[in-house]
Amino acid sequence: MMHISTLFSKLGLDFAAQAGDDLQVRSPRDGAAIASLQTHTVQEAETAIQNAHQAFEKWRSVPAPVRGELVRLLGEVLRENREQLGTLVTLESGKILSEGIGEVQEMIDICDFAVGLSRQLYGLTIASERAGHRMMESWHPLGVVGVISAFNFPVAVWCWNSALALVCGNAVVWKPSEKTPITALAVQALFEQAAARFSEQRPDLLPKHLSQVLIGRADLGETLARSPKVALLSATGSVRMGRKVATVVAERLGRSLLELGGNNGMIIAPSADLSLALRAITFSAVGTAGQRCTSLRRLFVHSSIYDEVVSSIERVYASVKVGDPLNADTLVGPLVDQHAFDAMQSALAQAKAEGGTVTGGERVSVNGDSNAFYVRPALVRMPQQSAIVHHETFAPILYVLRYDQFDDAIRLNNAVPQGLSSAIFTNDVREAEAFMAATGSDCGLANVNIGTSGAEIGGAFGGEKDTGGGRESGSDAWKNYMRRATNTINYSRTLPLAQGVKFDI
Ligand code: UN1
């Protein structure tokens with residue numbers, strides 16, 4: 001493995017300004033310390049927001065396609081540093097290298113998307129009911145966009161938000177998870193490189209403080225939530241955090257975009273292609289060690305194939321390679337920390353108490369590291385969808401239930417508080433369509449013959465109910481980052497009123 005200080009210098013990372021004793025950063029890979037940082041104060045966060053607001057006031061007047069050029073350069077810098085940044089993601093979050101690099105690819109993809117979008121921030125032209133009138137809508141930059149992100153996607157979530165926010169004419173202030181501040185500083189350093197290239201081509205256009213990072217804990221997120229200067233706060237994380245953020249932002253009538261927990265289900269119907277399903281189940285449930293918001297947590301298998309499906313999963317789970325996330329043959333890396341391990345064990349204990357039969361779930365020793373928390377993925381046969389199954393535990397636990405009637409499977413899928421992702425494996429077109437219909441899955445993502453995780457950036461990403469209702473990334477999610485003005489223009493020589501109202505003076 002490349003030495004970590006070589007990795008830092010390749011990424012242009014110098015912690016001198018941020019070194020301190022407030023925050024010890026450890027790698028989930030072996031529990032070893034990677035860095036020790038100073039956190040920002042609330043006062044510094046407030047100054048950052050003020051500075052971002054000034055940056056916004058300048059940036060909003062730069063033409064959108066020119067703003068797109070900055071994001072194009074960011075994509076270019078990310079391409080050049082894909083492996084290095086991906087490796088850092090692996091070291092700091094514990095996800096396997098292929099997923100670490102995949103996450104950087106997701107950043108590159110959204111940059112490309114945003115560059116195209118910078119020439120397509122279209123508004124409608126609307127038929128007016130009055131003669132000699134035209135109506136249209138204009139989309140304008142919004143202001144400062146705050147981003148709160150979680151440890152499990154330490155870089156991609158910033159990019160989904162920021163690539164769009166920047167082409168839309170906004171400034172960004174980012175509060176990453178305190179578990180993954182190093183990758184955030186690396187992304188900031190890469191952003192600075194893109195900014196320097198932009199300024200070489202176009203001196204004086206780029207304001208300072210267009211993108212800033214705040215290192216620290218929940219008090220900084222709270223500062224973003226409270227500040228009336230933060231026009232939009234996009235928050236990814238737990239339902240508990242989202243509820244707090246949303247309440248504070250709503251009190252000042254600000255906008256929030258919430259991407260909270262998932263408790264994602266999959267239906268395996270009698271006609272399913274079981275070899276495809278088995279791969280999809282495994283990637284969705286054990287990929288990222290079950291720590292994606294889209295991870296598969298609930299499986300509903302038709303009674304006629306239940307025994308066959310469950311024993312195939314058990315076979316795969318027993319052999320799936322748990323180990324060092326930097327090794328090419330590892331599929332399951334470590335949990336992020338001891339807290340995640342404890343939460344997993346207590347969920348499994350509760351599942352047993354509720355009548356579940358657990359296979360796997362035990363701690364696995366990797367290189368004898370006692371400060372790292374590796375586990376064998378757990379499969380839990382549940383007699384019914386009891387309390388623990390309604391709960392999102394951020395770990396590789398898959399609850400399996402059987403069903404007989406298709407409608408019951410849909411009911412079970414929709415019976416939890418969260419509504420992010422869902423999937424069905426079927427070759428019956430009626431079932432597939434019914435699953436995606438208004439009366440089918442109630443989630444923001446409803447997939448057919450693919451797993452619940454690993455969404456592409458081109459679609460709008462997000463979910464309903466406790467997931468928070470936000471949509472990020474592709475489709476028209478950019479509209480979250482702009483304000484809409486409706487313009488009515490009278491080019492006639494009279495002043496007719498709408499709705500035929502008479503008001504002659
Ligand atoms: C998350 O876990 O916060 O669809 C996001 C996926 C990824 C994003 C997950 N593209 O699994």
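Residues numbered from 1 in each chain as written. Predicted model: local features only at pLDDT ≥ 70, side-chain atom pairs only at ≥ 80, totals over all residues.

**Looking at the UniProt feature "domain: Aldehyde dehydrogenase" (unreviewed entry) in the protein chain**
Piece 1. When the UniProt feature table is mapped onto this chain, "domain: Aldehyde dehydrogenase" (unreviewed entry) is found at residues 19-484.
Piece 2. Along residues 19-484 the backbone is 39% helical and 21% strand, and the end-to-end C-alpha distance reaches 42 Å. (UniProt positions renumbered as here; feature names shortened; annotations may be inferred. Helix = DSSP H or I, 4+ residues; strand = E, 2+ residues; numbered from the N terminus.)

**Re the nonpolar core**
Side chains that are nonpolar tend, in soluble globular proteins, to be buried together.
Piece 1. Formed by 146 residues in total, the largest nonpolar core has its most connected members in Cys111, Ala114, Ala163, Leu164, Ile268 and Leu398.
Piece 2. If sequence neighbours within four positions are ignored, Leu164 has contacts with Ala114, Ala477, Trp478 and Tyr481.
Piece 3. Counting six residues, the second largest nonpolar core, distinct from the first, contains Cys293, Leu420, Leu445 and Ala455. (Core = buried A, V, L, I, M, F, W, Y, C linked by C-beta atoms within 7 Å. Buried ≥ 20, exposed ≤ 12 C-beta atoms within 10 Å, placed from the backbone. Contact = placed C-beta atoms within 7 Å.)

**A closer look at the pairing of strand β9 (residues 255-259)**
Piece 1. Where burial is concerned, most of β9 is hidden: four out of the five residues are buried.
Piece 2. When strand β8 (residues 230-236) meets β9, the two strands line up parallel, connected through five bridges. Bridge pairing links Leu233 to Ser256 in β9.
Piece 3. Handedness of the crossover joining β8 and β9 through helix α9 (residues 239-251) is recorded here as right-handed. (Pairing = 2+ DSSP bridges. Right-handed = clockwise from strand over helix to strand, strands pointing away.)

**With respect to the site of the ligand**
Piece 1. Taken together, the residues surrounding the ligand are Glu106, Asn152, Phe153, Val157, Thr236, Arg292, Cys293, Thr294, Ser453, Gly454 and Ala455.
Piece 2. Looking at side-chain class alone, the shell around the ligand contains four nonpolar, five polar and two charged residues. (Near = placed C-beta within 6 Å. Nonpolar A, V, L, I, M, F, W, Y, C, P; charged D, E, K, R; others polar.)

**Observations regarding the sheet that holds strand β4 (residues 133-141)**
Piece 1. If you walk across this open sheet you meet the three strands as β3-β4-β23, and the pairing is antiparallel. Edge positions in the sheet fall to β3 (125-126) and β23 (482-490), since each of these pairs with one other strand and no more.

**Some details on helix α3 (residues 64-80)**
Piece 1. Helix length check: α3 (17 residues) gives 25 Å between terminal C-alpha atoms against 24 Å at 1.5 Å per residue, within 8%.
Piece 2. Turning to α3, its buried residues are Arg67, Gly68, Glu69, Leu70, Val71, Arg72, Leu73, Leu74, Gly75, Val77 and Leu78.
Piece 3. Buried residues along α3 sit against α2 (42-59), α4 (82-93), α5 (97-117), α6 (156-167) and α7 (181-201). (Expected span 1.5 Å × (residues − 1).)

**With respect to the pairing of strand β1 (residues 19-26)**
Piece 1. When β1 meets strand β2 (residues 33-37), the two strands line up antiparallel, connected through five bridges. For Val25, the partnering residue across the bridge sits in β2 and is Ala35.
Piece 2. With antiparallel pairing between neighbouring strands as the criterion, β1 and β2 make up a hairpin whose turn holds six residues, including Gly31 at a positive phi of roughly 75 degrees.

**What about the environment of Gly20?**
Piece 1. Tracing the backbone through its elements, the reader meets Gly20 in strand β1.
Piece 2. Ignoring anything within four residues of it in the chain, the contact list for Gly20 reads Ser36, Leu37 and Gln38.

**Focus: the sheet that holds strand β6 (residues 171-175)**
Piece 1. The five strands lie next to each other as β7-β6-β5-β8-β9, forming an open sheet whose pairing is parallel. The sheet is open, and its two borders are formed by β7 (211-213) and β9, each paired with just one other strand. Each strand axis lies, on average, 15 degrees off the axis of its neighbour in the sheet, ignoring direction.
Piece 2. Most of the contacts of α6 go to strand β5 (residues 144-148), to which it runs at about 175 degrees, and overall it touches β5, β6, β7 and β8.
Piece 3. Lying over the sheet, α7 contacts β6 and β7, oriented at roughly 155 degrees with respect to β7. (Axes fitted to C-alpha atoms, helices over the stretch in contact; angles between N-to-C directions.)

**Observations concerning helix α10 (residues 274-286)**
In an α-helix there are 3.6 residues to a turn, and that puts residues three or four apart on one side.
Piece 1. Over its 13 residues, α10 extends 18 Å from the first C-alpha to the last, a length consistent with the 18 Å expected when each residue adds 1.5 Å.
Piece 2. At its buried positions, α10 is contacted by β10 (264-268), β11 (296-302), α11 (306-319), β16 (397-403) and β18 (421-425).
Piece 3. The first or second residue beyond α10 is Thr288, which carries a positive phi of 55 degrees.

**Comments concerning unusual backbone geometry**
Piece 1. Positive phi, close to 50 degrees, is recorded for Ala289, a residue that is not glycine.
Piece 2. Counting through the fold element by element, Ala289 comes out in the loop between α10 and β11.
Piece 3. Taking the number of C-beta atoms within 10 Å as the measure of exposure, Ala289 has 31 and is therefore buried.
Piece 4. Phi is positive for Lys465, which is not a glycine, with a value near 55 degrees.
Piece 5. Structurally, the position occupied by Lys465 is in strand β21 (residues 464-465).

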